[in-house]
Amino acid sequence: MSLVKLKDKRTGTTYIYESESYWDKEKKQPRSRRKLIGKLDEETGEIVPTGKSGRKKSSKTETAESSSTDLAAQHIRIIAEKEEQIRVLKAENQALLGQKQDILKTLEALCRKLSD
């Protein structure tokens, strides 16, 4: 199978067809079948599907899959960063609670000495 580009001279639109060659046993000569895929976008060079007869671009789904994979990787990285931040803050919180307990014990000891 190959892709064939045909330009409509009236409108200037380039159509893309999928062409398949085969051997016609009855007429004993080669023939071809063409199936319309879509139009060629002149600005981007991409194939734009045309209605029901045109098929969807596989590159569009691949791009969507890769972008969703990139997006998922980015979310995973952000989650990992947040979990690390939470771990650091919990450790800092434990250290501050320990300092608070030490200060309270010292204050309690001072109060006992003053009351005696």
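Keep in mind it's a predicted model, so treat the numbers as computed, not measured.

**Quick look at the overall build of the protein**
In step 1: Secondary structure assignment for the protein yields one helix and four strands.
In step 2: The helix and strand sequence of the protein, counted from the amino end, reads β-β-β-β-α.
In step 3: Burial statistics for the protein: of 116 residues in total, 11% are counted as buried.
In step 4: Taking contacts inside the protein between residues at least 6 apart in sequence as the whole, the part at least 24 apart equals 14%.
In step 5: Accessible surface for the protein amounts to roughly 10,400 Å². Of this, 55% is attributable to carbon and sulfur atoms.

**Overview of the pattern of salt bridges**
In step 1: Going through the model one piece at a time under the given rule, you end up with six salt bridges.
In step 2: The partner of aspartate 24 in a salt bridge is arginine 31, and the shortest N-O contact between them spans 3.9 Å.
In step 3: In this structure, glutamate 108 and arginine 112 form a salt bridge, with 2.8 Å as the shortest nitrogen-oxygen distance. Highlighted residues: glutamate 108 and arginine 112, both in helix H1 (residues 58-115), separated by four residues, approximately one helical turn.
In step 4: When its relative accessible area of 47% is taken as the criterion, glutamate 108 is described as partly exposed.

**A short note on the sheet that holds strand E1 (residues 2-7)**
Strand pairing in a sheet takes place through backbone hydrogen bonds and is either antiparallel or parallel in direction.
In step 1: Read from one edge to the other, the open sheet built from four strands follows the order E1-E2-E3-E4, with strand pairing classed as antiparallel. In this open sheet, the two edge strands, each paired with only one partner strand, are E1 and strand E4 (47-49). Averaged over all adjacent pairs, the angle separating strand axes in this sheet is 55 degrees, with direction ignored.
In step 2: Two strands pair when backbone bridges link them, and strand E2 (residues 14-24) and strand E3 (residues 29-40) are joined in this way by 10 bridges, in the antiparallel orientation. Residue glutamate 18 lies in a different strand from E3, and its bridge partner there is lysine 35.

**Re the packing of aromatic side chains**
In step 1: Scanning the entire structure with this criterion turns up zero aromatic pairs.
In step 2: Stacked on the ring of tyrosine 22, the Lys or Arg arginine 33 has its end atom at 3.9 Å from the ring centre.

**Observations regarding the pairing of E3**
In step 1: Counting the residues in the hairpin turn of E2 and E3 gives four residues, including lysine 28, whose phi is positive at 55 degrees.
In step 2: Bridge analysis of E3 against E4 gives three bridges, and the strand direction is antiparallel. Bridge pairing in E4 links glycine 38 to proline 49.
In step 3: Between E3 and E4, which follow one another and run antiparallel, lie six residues, and glycine 45 among them has a positive phi close to 80 degrees.

Cut-offs and rules
Residues numbered from 1 in each chain as written. Predicted model: local features only at pLDDT ≥ 70, side-chain atom pairs only at ≥ 80, totals over all residues. Heavy atoms only, no water. Helix = DSSP H or I, 4+ residues; strand = E, 2+ residues; numbered from the N terminus. Buried < 20%, exposed > 50% of the residue type's maximum accessible area, 1.4 Å probe, protein only. Contact = heavy atoms within 4.5 Å. Areas by Shrake-Rupley, 256 points an atom, 1.4 Å probe, with all protein chains shown as cover. Salt bridge = Lys/Arg side-chain N within 4 Å of Asp/Glu carboxyl O. Pairing = 2+ DSSP bridges. Axes fitted to C-alpha atoms, helices over the stretch in contact; angles between N-to-C directions. Phe/Tyr/Trp six-rings, centres within 6.5 Å; stacked < 30°, edge-to-face > 60°. Lys NZ or Arg CZ within 6 Å of the ring centre and 35° of its normal.

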